[in-house]
Amino acid sequence: MTDFPRRALPRQLIASFFALGLIVGTLVPLCAQTPGDSAAVPLASRVIEKTFVDDAKIEHRYRLLLPTNFREDESKQYPLVLFLHGAGERGDDNATQLKHGIGEFARPDRQSQYPCIVIVPQCPAEQKWVSVDWSPKSGKGTFPDQPSPSMKMALGIVGQWIAGGRVDRSRVYVTGISMGGYGTWFASAMPGNPFAAAVPICGGGDPDWVAQYAGMPIWAFHGSADTAVPVGRSREMIEALVAAEQMPQTKYTEYENGAHDVWTETYQRDDLFAWLHSQRK
């Protein structure tokens, strides 16, 4: 497997840089565990239930991971990560969205090295983070001008935490898988967004929005054998960014023969956490 910085990809070679190493993933259990340790801490005890009330006085339940040493009576600020789940985790139980990825953020060693606040909202059934049709092979011209109700809710939670004073405003990040990958491409291009970096995984964007990523560090991931979200949806975004010579450099990692679940191996990467937490707005 090879990681490519954006400017290392000449336009004439874009179509030929996708043969990368094989990565085979395993599902992450609903627990926070350090590799090699036998004891695991159930996520339910770490990722607490919270409620956000929007401007229309509608309540939205979400999950919140706080740094291990977080104290409400202190003023210390922390980075914040917005995690957008996939289509299979939609609902209203405020639990299913913890199925993938969050266990890696909650690992004791991760929180020790990269303490951060993680917001995990849940998109209601039959809704999407971005109101787009997932079936087109290309996302060109598909992104709507306005965020979906679910995206407004997620951004509202982020805004509330930023306003609360415990978040380092220069280190607010967004990442998501599948449907949440679409959401990550959308949220990181919205005018006035608070994000310092974005990590879309097996999602898709809209190449017509390429100019809106100027100044946004992005590391995208996809599996070449993904049958749920075609790998072309990530490739066309990288091609558009390369063609537009956007800065800073966009990173792209494609797992050769990787299926839809490449998020497992992705969130296990130490270099991803190091890269993400080094970004500042």
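Residues numbered from 1 in each chain as written. Predicted model: local features only at pLDDT ≥ 70, side-chain atom pairs only at ≥ 80, totals over all residues. Heavy atoms only, no water.

### Digging into the confidence of the model for the chain
Across the chain, the average pLDDT comes to 87, with 85% of residues at or above 70. With pLDDT under 50 throughout, residues 4-40 is counted as low confidence; its partners more than four residues away or in other chains account for 86 contacts. (pLDDT = per-residue confidence, 0-100. Contact = heavy atoms within 4.5 Å.)

### Thoughts on the nonpolar core
By size, the foremost hydrophobic cluster in this structure holds 49 residues, and its most contacted members are Ile 117, Ile 119, Trp 129, Trp 161 and Tyr 213. Put simply, the parts of the chain that give this core at least two residues each are strand S5 (59-65), strand S6 (78-84), strand S7 (117-121), helix H3 (149-163), strand S8 (167-177), helix H4 (179-187) and helix H5 (232-244). In terms of residue count, H3 provides more of this core than any other element does, seven residues in total. With residues near it in sequence (within four places) discarded, Tyr 213 still touches Phe 143, Trp 185, Phe 186, Ser 188, Ala 189, Ile 218, Met 237, Leu 241, Gln 246 and Met 247. (Core = buried A, V, L, I, M, F, W, Y, C linked by side-chain atoms within 4.5 Å. Buried < 20%, exposed > 50% of the residue type's maximum accessible area, 1.4 Å probe, protein only. Helix = DSSP H or I, 4+ residues; strand = E, 2+ residues; numbered from the N terminus.)

### Re the packing of aromatic side chains
Within the structure shown, the criterion is met by 14 aromatic pairs. Centre to centre, the rings of Phe 83 and Tyr 267 are 5.9 Å apart; their planes meet at 50 degrees, and the pair counts as tilted. Residue Phe 83 is located in strand S6, and its partner Tyr 267 is located in helix H6 (residues 263-267); the two are separated by 184 residues in the primary sequence. Three or more aromatic residues joined by ring pairs make a cluster, and in this case those are Phe 83, Phe 105, Tyr 114, Tyr 267 and Phe 273. Residue placement shows Arg 110 over the ring face of Phe 273; its charged tip is 4.1 Å from the ring centre. (Phe/Tyr/Trp six-rings, centres within 6.5 Å; stacked < 30°, edge-to-face > 60°. Lys NZ or Arg CZ within 6 Å of the ring centre and 35° of its normal.)

### Let's talk about the layout of surface pockets
There is about 200 Å³ of room inside the largest pocket. As for the largest pocket, its lining consists of 13 residues, and the residues nearest its centre are His 60, Arg 61, Gln 122, Pro 124 and Met 153. Mapped by element, the contributors of at least two residues to the lining of the largest pocket are S5 and H3. A class-by-class count of the residues in the lining of the largest pocket yields three nonpolar, six polar and four charged. (1 Å grid on protein atoms, 1.4 Å probe; cavity = no way out; pocket = protein on both sides within 12 Å on 5 of 7 lines; lining within 4 Å. Points joined across faces, edges and corners; volume = space filled by probe spheres on them. Nonpolar A, V, L, I, M, F, W, Y, C, P; charged D, E, K, R; others polar.)

### Section: the pairing of S6
Counting buried residues in S6 gives seven out of seven residues, a clear majority hidden from the surface. By the bridge criterion, six bridges tie S6 to S8 in an arrangement that is parallel. Of the residues in S8, the one forming a bridge with Leu 82 is Val 174. Sheet topology note: the S6/S7 ladder contains three bridges and is parallel. Bridge pairing in S7 links Leu 82 to Ile 119. (Pairing = 2+ DSSP bridges.)

### Overview of the pattern of salt bridges
Going through the model one piece at a time under the given rule, you end up with twelve salt bridges. Salt-bridge contacts for Glu 49 lead to Arg 63; the nearest nitrogen and oxygen are separated by 3.8 Å. Placement of the pair is Glu 49 in strand S4 (residues 47-53) and Arg 63 in strand S5, with a sequence separation of 14 residues. Across the pair Asp 271 and Arg 269 runs a salt bridge whose closest N-O atoms are separated by 2.7 Å. Through salt bridges with shared partners, a single network forms among Glu 104, Arg 107, Asp 109, Arg 110 and Asp 270. (Salt bridge = Lys/Arg side-chain N within 4 Å of Asp/Glu carboxyl O.)

### Let's talk about the pairing of strand S9 (residues 197-201)
Across the five residues of S9, five count as buried, placing the element largely inside the fold. What you see with S9 is no split at all: Ala 197, Val 199 and Ile 201 on one side and Ala 198 and Pro 200 on the other are buried throughout. As paired elements, S8 and S9 share five bridges and run parallel to each other. If you follow Tyr 173 over to S9, its bridge partner there is Ala 197.

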